[in-house]
Amino acid sequence: MYTMDISIDQNDFPNSDAQPNKRRRKKSMVWEHFTIETVDADCIRACCNQCKKSFAYISGSKLAGTSHLKRHIALGICPVSRHNQGKINRVHTYQLPELIFLQMHEYPLHMVEHSGFIDFARTLQPQFNITSVTAVQEQVMGIYFREKHKLLDLLSGISGRLNLTVDLWTSNQSLAYVLITGHFIDNDWKLQRRILNFITVQFPDSDTAFSHAIADCLTDWGAEDKLFTVTSDRSYINEKTRDNLRNLLSIKNSLILNGQLLINSCYARILRSLAQDAIGSMRETIEKVRQSVKYVKTSDAHEERFTKLKQQLQVPSTKNLMIDNLTNWSTTYQMLMAASELKEVFSCFDTSDPDYKLSPQMEEWEQVETLCAYLKIFYEAANILTSPVYPTTNLFFHEAWKIHLELMHGANSQDFFVSGLTKPLMERFTKYWDDCNLVLAVAVVMDPRFKMKLVEFSFSRIYGEDVETWINIVDEEPQEDGLLSNGDGFSDFDIYISDIMSAQHMKSELDQYLEEPLLPRVQDFDVLGWWKMNRPKYPTLSKLASDVLSIPLSTISAESVFDLREKKMDSYRSSLRPSILQALICSKDWLQHESSVVPSGISSEISAAAVKTEF
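Since we're looking at a predicted model, the values are computed, not measured.

What counts, and at which threshold
Residues numbered from 1 in each chain as written. Predicted model: local features only at pLDDT ≥ 70, side-chain atom pairs only at ≥ 80, totals over all residues. Heavy atoms only, no water. Helix = DSSP H or I, 4+ residues; strand = E, 2+ residues; numbered from the N terminus. Buried < 20%, exposed > 50% of the residue type's maximum accessible area, 1.4 Å probe, protein only. Areas by Shrake-Rupley, 256 points an atom, 1.4 Å probe, with all protein chains shown as cover. Salt bridge = Lys/Arg side-chain N within 4 Å of Asp/Glu carboxyl O. Phe/Tyr/Trp six-rings, centres within 6.5 Å; stacked < 30°, edge-to-face > 60°. Lys NZ or Arg CZ within 6 Å of the ring centre and 35° of its normal. Expected span 1.5 Å × (residues − 1). Arc of directions from axis to C-beta. Pairing = 2+ DSSP bridges. Bend = angle between axes of the 7 residues up to and from the residue. Polar contact = N/O pair within 3.5 Å; in protein donor to acceptor, adjacent residues only side chain to side chain.

Chemist: It is not clear to me how the overall build of the protein chain should be interpreted in this structure. Could you clarify?
Modeler: What the protein chain contains, in helices and strands, is 24 helices and ten strands. Counting all 615 residues of the protein chain, 52% fall into the buried class. For the protein chain, the accessible surface area stands at approximately 29,200 Å², while carbon and sulfur atoms represent 49% of it.

Here it is in structure tokens:
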């Protein structure tokens with residue numbers, strides 16, 4: 001049986017004397033581990049039976065509850081009970097398959113009381129007992145605390161630095177949420193990515209909201225001395241907020257400023273903006289294409305005539321027409337690509353269907369093809385973020401410099417349409433490139449297939465006569481006059497590189513590394529695996545590689561890379577207590593990294609049943 005036979009109510013009291021005005025209810029299992037101590041008439045404390053530590057319980061009319069007492073036992077904070085498996089520990093470590101199902105698919109918790117869900121659960125386990133929402137919330141917190149304890153152990157054991165991304169979610173309730181995600185290299189030289197906190201923010205426009213959220217996160221995870229970078233986006237973090245963040249973090253740890261890098265541009269968002277601007281510049285033509293596609297796809301008779309005409313014209317395209325989703329720019333690109341390959345069919349379609357009068361002119365089709373050429377570049381650049389494994393930082397350089405070069409060529413084109421399309425895009429992307437090119441370049445130098453050679457090649461094509469200046473910024477120690485210290489956010493990165501380069505043996509390692517031949521350019525190259533294998537040869541340089549290659553450049557999750565709308569919390573989840581909401585968001589992410597989430601045999605049954613069952 002996978003139901004829980006122990007019920008814990010955090011409002012339960014240990015005895016009727018503690019709260020004489022309350023009706024005696026079922027005694028919480030917490031009180032098997034704690035004893036009530038009356039300090040005076042207005043103060044009652046709870047004492048751990050094992051380590052004897054005293055905790056607040058009742059002060060005057062204020063009830064502290066039992067959540068902190070449960071955590072003391074469940075998280076192994078109590079040194080005496082750390083390895084025991086008492087009743088509370090069993091409650092907090094036992095996972096119910098129906099609960100995992102709700103968490104992984106983000107269904108409302110009250111669904112456990114719906115008749116459809118009960119029938120579904122009983123097809124998996126005939127002895128399933130109906131679970132209350134209160135019990136489910138207890139189980140959610142139990143899983144959260146247990147998985148957090150595992151992640152704390154993982155973070156405390158890493159030898160490198162911790163990188164954070166900060167994203168902002170909104171809601172219809174005028175509340176906002178700060179999502180903080182940690183990126184780091186584990187001791188097996190694998191890049192790890194975990195949501196650390198999901199913090200409800202009452203006043204997101206406050207200049208200190210983000211800085212306090214990040215500071216609380218660092219304290220919560222004991223990571224004040226591990227922070228390396230914080231990546232956000234200027235769309236929701238302005239300069240004053242950024243300054244407050246820098247100041248607060250330096251106060252929290254005076255050493256952190258020398259290794260801190262604030263990146264204020266999100267890779268996925270700049271690609272979204274480029275695509276959105278490009279599509280918006282051809283709004284009327286794209287609407288003609290969209291209506292043409294709708295005309296064909298929304299009628300079986302129209303589609304049959306269209307397919308027949310395509311065969312008659314012997315158009316070789318294998319793409320299928322599709323209507324785009326206006327909230328996802330990749331679907332607009334795919335719609336335009338498929339339609340442009342079938343432009344000859346659309347141009348002649350009125351001969352087979354006299355009612356069709358929507359076809360764009362041939363000049364407009366040519367403009368659509370030009371647009372698609374640029375959207376393809378953005379699409380392929382964004383696709384590296386959709387991999388199940390988050391990309392190492394060196395991979396972003398390849399895409400970014402290609403975008404910069406193509407837009408630069410387009411902006412200088414003699415073709416009026418091409419230059420008109422790309423000049424605004426070039427201006428937007430140049431701001432991103434100026435913000436991030438140093439980090440991108442240093443990261444690609446840490447790839448033994450390219451080292452400085454790709455930087456030299458790409459910079460020569462981008463900067464022309466000024467190439468030596470830019471290459472020296474990457475190749476040499478930061479100059480005293482601070483080429484990148486004029487408010488662009490890289491002065492701290494200069495200091496970090498300067499500090500790590502100051503040792504003579506580091507210079508020797510770097511010289512040796514750069515002088516050795518490039519590795520063959522294989523597609524599935526494991527750059528972190530290479531540094532793990534060569535760590536004995538480059539003990540100091542490998543630390544720099546570990547720090548730099550784990551810098552995250554995007555704040556957006558893989559499933560939202562192509563979304564045109566910012567993340568918005570639904571009304572149900574916004575109504576949850578902040579602690580429950582954070583537990584749901586974080587534990588879902590953490591459970592995805594578990595090798596075994598539910599008892600053997602249950603996972604496949606849940607998946608199969610989910611396909612057949614509708615709620």
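Once the structure has been displayed, the description carries forward.
Chemist: I would appreciate a short explanation of the pattern of salt bridges in the present structure.
Modeler: Between side chains of opposite charge, a pair can form as their charged atoms come close. Scanning all chains against the criterion turns up 22 salt bridges. The salt bridge partner of D277 is R428, with a shortest N-O separation of 2.7 Å. Of this pair, D277 sits in helix α8 (residues 267–280) while R428 sits in helix α15 (residues 416–445); the two residues are 151 residues apart in sequence, bridging distant segments of the chain. Taking the relative accessible area as the measure of exposure, D277 reaches 31% and is therefore partly exposed. Of the residues examined, R428 reaches a relative accessible area of 35% and is grouped as partly exposed. Linking E303 and K297 is a salt bridge whose minimum nitrogen-to-oxygen distance equals 2.9 Å. We classify E303 as partly exposed; its relative accessible area is 25%.

Chemist: Would you mind going over the packing of aromatic side chains with me for this structure?
Modeler: Here a ring pair, both rings aromatic, is described through the centre-centre distance and the interplanar angle of the planes. Considering all chains together, one arrives at 33 aromatic pairs under this definition. Here the aromatic rings of F34 and F55 are separated by 5.8 Å at their centres, their planes lie at 80 degrees, and the arrangement is edge-to-face. Within this pair, whereas F34 is found in strand β1 (residues 34–40), its partner F55 is found in strand β3 (residues 54–59), the two being separated by 21 residues in sequence. Here F34 matches F55 in class, with each residue buried. Relative to W433, the ring of F397 has its centre 6.2 Å away and its plane inclined at 45 degrees; by these criteria the two rings are tilted. With F397 in helix α14 (residues 394–411) and W433 in helix α15, this pair connects stretches of sequence that are 36 residues apart. Here F397 falls in the buried class, since its relative accessible area comes to 0%. Through successive ring pairs, a cluster of aromatic residues spans Y295, F306, F346, F349, Y356 and W365. In this structure, K148 packs its charged tip against the face of W221, placed 5.3 Å from the ring centre. If you follow K451 out to its NZ or CZ, it ends over the ring of Y513, 4.5 Å from the centre.

Chemist: I would appreciate a short explanation of helix α16 (residues 451–463) in the present structure.
Modeler: Every α-helix carries 3.6 residues per turn, so stepping three or four residues along brings you back to the same face. Between its first and last C-alpha, α16 extends 19 Å over 13 residues, near the 18 Å set by a 1.5 Å rise per residue. Among all positions of α16, only K451, M452, L454, V455, S458, F459, I462 and Y463 are buried. Considered in projection along α16, the buried side chains sweep an arc of 155 degrees and stay on one side of the axis. In the segment just after α16, G464 is the residue with positive phi, at about 60 degrees.

Chemist: Explanation requested: the sheet that holds β1 in the structure shown.
Modeler: The strands making up a sheet are joined through hydrogen bonds of the backbone, oriented either antiparallel or parallel. One open sheet accounts for four strands, arranged β1-β2-β3-β4; its pairing is antiparallel. Sheet topology places β1 and β4 (62–63) at the edges, where each strand pairs with a single neighbour. Pairing of β3 with β4 involves two bridges; the strand directions are antiparallel. Its bridge partner being in β4, S59 is matched across the sheet by K62.

Chemist: Is there a simple way to explain α15 in this structure?
Modeler: Look at α15: only 38 Å from first C-alpha to last across 30 residues, short of the 44 Å you get at 1.5 Å a residue. The sharpest bend along α15 reaches about 55 degrees and sits at C436. Structurally, the start of α15 carries an N-cap: the backbone nitrogen of F417 is 2.9 Å from a side-chain oxygen of D415.

Distances and angles like these do not, on their own, reveal function.
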